[in-house]
Amino acid sequence: AGSTVVHSMAAWIVLAGYLVAGREYQQQMIKRDIIFKDYKILSMALACFVLWLAWSGLNIVYISAFDVNVSTVVINALSALFTAILTAVGLSVWMSRTVVGESLVKAGIGGLVAITAGCNILSVSNAAFVGLSAALITWFVPVILTRWIASQHIRDVLVIHGLCGVWGTLWLGVMSSLSFHSVSYISLQVQFLGVVVAFIWSFVVAYLLFVILRKAFIKSNV
């Protein structure tokens, strides 16, 4: 629920809105990237701190139908969070010769998004790997997306919430397929199907809705 339904679907809806917005509104988004840059790091850090406090409780609600140890959920969330941040620190020092605070926050949120899918099932080491891989995703993928998406904020949403959510969901299926945990009804095929259905449903419906709203807005201003 957390990795796919809550986060990745929200990212696909944002993508649909960005594509429908058109060149004029996309340029306005790019300008806002510059305007928000002065206080963006502080606001992102505050958001990450609040999410960290709330995440364990949210994850416990998501998996309340299972018989699990609540401490496992909390420890796995912290493991993914701290590993993601440490990975971002290492990448910052290695590639930029300095610690980039914004990258640390993005990596931390990405790690929390990714671990939500398997917070009650994965081991601590697996949770750490999820956090590490999420940090790599948040570091490298936005650069690749620059070719197609000009707005940094949109790229961050797609990567942190969309791709990290998908990654956490699929990794749970991989672990199950390799028999690393005892939940036999979770498979990579089912996880992949869920990711695809969530994308098609959220993106297509949102795209059509935004097209209708855009046409209605243009007509009302004629």
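Notes on the structure in this doc start here. It should be emphasised that the depicted structure is a prediction, and the values quoted were computed from it without experimental measurement.

## Some points on the nonpolar core
Looking at soluble globular proteins, one finds that nonpolar side chains tend to be buried together.
Piece 1. Judged by nonpolar contacts, the single largest core of 21 residues is most densely connected at Ile115, Leu122, Val130 and Cys164.
Piece 2. Contributions of two or more residues to this core are made by α4 (101-115), α5 (124-145) and α6 (152-177).
Piece 3. Once residues lying within four places of it in the same chain are set aside, the contact partners of Ile115 are Asn76, Ala77, Ala80, Leu122, Ala127 and Val130.
Piece 4. Counting 13 residues, the second largest nonpolar core, distinct from the first, contains Ala11, Trp12, Val166 and Val195.

## As for a nonpolar patch on the surface
Piece 1. A cluster of nonpolar side chains, contributed by Leu19, Phe192, Val196, Phe199, Ile200, Val204, Tyr207 and Leu208, occupies part of the molecular surface with about 690 Å² of accessible area.
Piece 2. Per element, the largest residue contribution to the nonpolar patch is seven residues, and it comes from helix α7 (residues 188-220).
Piece 3. As for its placement among the helices and strands, Phe192 is situated in helix α7.

## Quick look at helix α3 (residues 70-96)
Piece 1. The end-to-end C-alpha distance of α3, which contains 27 residues, comes to 39 Å, matching closely the 39 Å that a straight helix rising 1.5 Å per residue would cover.
Piece 2. When we look at burial in α3, the residues that qualify are Val73, Asn76, Ala77, Ser79, Ala80, Leu81, Thr83, Ala84, Thr87, Ala88, Leu91 and Ser92.
Piece 3. Downstream of α3 by one or two residues, Arg97 has phi in the positive range, about 65°.

## Quick notes on the pattern of salt bridges
Piece 1. Tallied over the entire structure, the rule returns two salt bridges.
Piece 2. For the salt bridge of Lys106 with Glu102, the shortest nitrogen-to-oxygen distance reads 2.8 Å. Of this pair, Lys106 and Glu102 are both found in helix α4, four residues apart, which corresponds to roughly one turn of the helix. Per residue, the accessibility class of Lys106 equals that of Glu102, and both read buried.
Piece 3. With a closest N to O distance of 3.0 Å, Lys106 and Asp156 form a salt bridge. Of this pair, Lys106 sits in helix α4 while Asp156 sits in helix α6, and the two are 50 residues apart along the sequence.
Piece 4. Classification of Lys106 by relative accessible area gives buried; the value is 10%.
Piece 5. Here the residues in one salt-bridge network are Glu102, Lys106 and Asp156, joined through shared partners.

## Remarks on α5
Piece 1. An ideal rise of 1.5 Å per residue puts 32 Å on 22 residues; α5 measures up with 31 Å between its terminal C-alpha atoms.
Piece 2. The largest bend along α5 reaches roughly 25° and is located at Thr138, with the proline Pro142 sitting one to four residues downstream.

## Comments concerning the packing of aromatic side chains
Piece 1. Within this structure, the stated rule accounts for six aromatic pairs.
Piece 2. Between Phe199 and Phe203, the aromatic rings sit 5.3 Å apart at their centres with planes inclined by 10°, giving stacked as the arrangement. Taken as a pair, Phe199 and Phe203 lie in helix α7 at a separation of four residues, close to a single helical turn.
Piece 3. Grouping aromatic residues by their ring pairs yields a cluster made of Trp12, Phe199, Phe203 and Tyr207.

Definitions and cut-offs
Residues numbered from 1 in each chain as written. Predicted model: local features only at pLDDT ≥ 70, side-chain atom pairs only at ≥ 80, totals over all residues. Heavy atoms only, no water. Core = buried A, V, L, I, M, F, W, Y, C linked by side-chain atoms within 4.5 Å. Buried < 20%, exposed > 50% of the residue type's maximum accessible area, 1.4 Å probe, protein only. Helix = DSSP H or I, 4+ residues; strand = E, 2+ residues; numbered from the N terminus. Contact = heavy atoms within 4.5 Å. Patch = residues over 30% accessible without salt bridge, like charges linked within 9 Å, V, L, I, M, F, W, Y side chains within 5 Å. Areas by Shrake-Rupley, 256 points an atom, 1.4 Å probe, with all protein chains shown as cover. Salt bridge = Lys/Arg side-chain N within 4 Å of Asp/Glu carboxyl O. Expected span 1.5 Å × (residues − 1). Bend = angle between axes of the 7 residues up to and from the residue. Phe/Tyr/Trp six-rings, centres within 6.5 Å; stacked < 30°, edge-to-face > 60°.

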